[in-house]
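Reading the structure
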Amino acid sequence: MNEQRKDILDMLAEGKITPDEAERLIAALERDQPPMAASSEVRPKGKAKYLYLMVDSIDNGEPGRVNARVPLQLLRAGVQLAALIPPQALAQANAELSRSGVPFDLTQLKPEQLEALVEHLDEVTLEVDHPDAKIRVFCE
Amino acid sequence: MPQLLTVRVQRPQGRLIRIWVPVLPVVLVLSPFLILAALVAAVACLVYRVRVMRAFGTGWRLFCALPGTRFDVHEGRTAVLVSIR
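Quantities reported herein were computed from a predicted structural model and do not represent experimental measurements. Along each chain, the written sequence defines residue order, and numbers are assigned to residues from 1. Lettering of chains starts at A and numbering of ligands starts at 1, both following the order in which they are written. Only residues with pLDDT of 70 or above have their local features reported here, since the model is predicted, and side-chain atom pairs are shown and tallied only from 80 upward, although totals for entire chains, interfaces and linings are computed over all residues. Only heavy atoms go into the side-chain values, all of them from the structure, while hydrogens and water stay out.

1. Structural notes on the overall build of chain A
- Of the regular secondary structure elements, chain A holds five helices and four strands.
- Secondary structure elements follow DSSP: runs of H or I no shorter than four residues count as helices, runs of E no shorter than two count as strands, and numbering proceeds from the N terminus. Seen in sequence order, chain A has helices and strands lined up from the N terminus as α-α-β-β-α-α-α-β-β.
- When accessible area is computed with a 1.4 Å probe and restricted to protein chains, residues below 20% of their type maximum are described as buried, those above 50% as exposed, and intermediate ones as partly exposed. Evaluated residue by residue, chain A yields a buried proportion of 22% over its 140 residues.
- Here the analysis covers contacts within chain A between residues at least 6 apart in sequence; of these, 48% occur between residues at least 24 apart.
- With residues, only the protein chains shown are counted as cover, and all accessible areas are computed by Shrake-Rupley using a 1.4 Å probe. Of the roughly 10,100 Å² that chain A leaves accessible, carbon and sulfur atoms contribute 56%. Note on contacts: a residue pair qualifies if any of its non-hydrogen atoms lie within 4.5 Å across the two residues.

2. Focus on the interface of chain A and chain B
- Listed as interface residues are 22 residues of chain A and, on the opposing side, 19 residues of chain B.
- Accessible surface is computed with a 1.4 Å probe, and the buried area is the amount of it that two parts give up when combined, taken over both parts together. Here chain A packs against chain B, burying approximately 1,800 Å² in sum over the two surfaces, 58% of which is carbon and sulfur.
- For the chain A face of the interface with chain B, the top three residues by lost area are A:Arg65, A:Arg69 and A:Leu84, together amounting to 30%.
- Take a side-chain nitrogen of Lys or Arg and a carboxyl oxygen of Asp or Glu: if they are within 4 Å of each other, that pair is a salt bridge. Joining chain A to chain B, the criterion identifies zero salt bridges.
- Any pair of N or O atoms that falls within 3.5 Å is considered a polar contact. Within protein, one atom must be able to donate a hydrogen and the other to accept it, and sequence-neighbouring residues count only if both atoms are side-chain atoms. Linking chain A with chain B are six residue pairs in polar contact (both at pLDDT 80 or more), by the criterion used here.
- Of all the secondary-structure elements, those providing two or more residues to the side of chain A that touches chain B are strand S1 (50–59), strand S2 (62–71) and helix H3 (72–79) of chain A.
- Considering each element in turn, the side of chain A that touches chain B owes the most residues, 10 residues, to S2(A).
- In terms of residue class, the side of chain A that touches chain B is made up of 12 nonpolar, six polar and four charged.
- In this analysis, strands are considered paired if DSSP registers two or more bridges between them. By the bridge criterion, six bridges tie S2(A) to strand S3 (residues 70–75) of chain B in an arrangement that is antiparallel. Counted as the bridge partner of A:Asn67 is B:Asp72 from S3(B). The residue classification treats Ala, Val, Leu, Ile, Met, Phe, Trp, Tyr, Cys and Pro as nonpolar and Asp, Glu, Lys and Arg as charged. All others, Gly included, are polar.

3. Some thoughts on H3(A)
- Within the span of H3(A), buried status applies to A:Leu72, A:Leu74, A:Ala77 and A:Val79.
- Packed against the buried residues of H3(A) are S1, S2, helix H5 (111–119) and strand S4 (133–139) of chain A together with helix H3 (52–64) of chain B.

4. Some remarks on the pattern of salt bridges
Residues and elements named next belong to chain A.
- The tally for this structure, following the rule as stated, stands at three salt bridges over all chains.
- In this structure, Arg76 engages Glu119 in a salt bridge whose closest nitrogen and oxygen atoms are separated by 2.8 Å. Remark: Glu119 occurs in helix H5 and Arg76 occurs in helix H3; sequence separation between them is 43 residues.
- The class for Glu119 is partly exposed, based on a relative accessible area of 40%.

5. Considerations on the packing of aromatic side chains
Residue and element names in this part refer to chain A.
- To pair, rings of Phe, Tyr and Trp, with the six-membered ring standing in for Trp, must have centres within 6.5 Å; the planes then decide the type, stacked if under 30 degrees apart, edge-to-face if over 60, and tilted in the middle. Scanning the entire structure with this criterion turns up three aromatic pairs over all chains.
- Seen from their ring centres, Tyr52 and Phe138 are 5.2 Å apart, and the 10 degrees between their planes marks the pair as stacked. You can see Tyr52 sitting in strand S1 and its partner Phe138 sitting in strand S4, a full 86 residues away along the chain.
- Relative accessible area serves as the criterion here: at 17%, Tyr52 is assigned to the buried category.

6. Some points on the side chain of B:Ser83
Residues and elements named next belong to chain B.
- Along the polypeptide, Ser83 turns up in strand S4 (residues 78–84).
- We classify Ser83 as buried; its relative accessible area is 8%.
- Residues contacting Ser83, with those up to four places away along its chain left out, are Leu4, Leu5, Thr6, Thr69 and Arg70.

Here is the structure:
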């Protein structure tokens, strides 16, 4: 609810204007406001429900297509699994990562950080154009 | 909680297989095995020092978040669709 609409409703609640006047004011307010653009770029933040993965490829001359839709709720629940990984498993994974040249400490990765990552996924759009494949990852 | 699992397989010969799996009846039928699996999982949690209730809670949340998941794969004349509602 925007500020002007709230002010009108407050005035109505305080008895300063009649319901008819409030209705006229709100109608005038809606007329003055620019129409919402239809593009997905103005989608309200945090409203995305699904993560989509779309791959169109050509393998050996045959077209291939993968469409995957994963609820963001599932990702949110999935990141909580990180808290269940036993410390000894994390230590082993860290050792393997270092051996592979990736000095990354998984014990420093907190579930809250992963949750924040998932929360901001709806702003991410990834597109890869390759002669043999087209990949698109986005949230909607 | 998921209600229905749909699997559709299109073979290169043109044969189409559709399977609808109602989740709740299947869970009820398999409940003795699920209880056994839960016990094994609880023991595994204790062995690896993972909090049992937290593990079950996370597993339940994952299960309940499944509706809406959909995988659709086409490769040439073969297609597989898995959908959870």
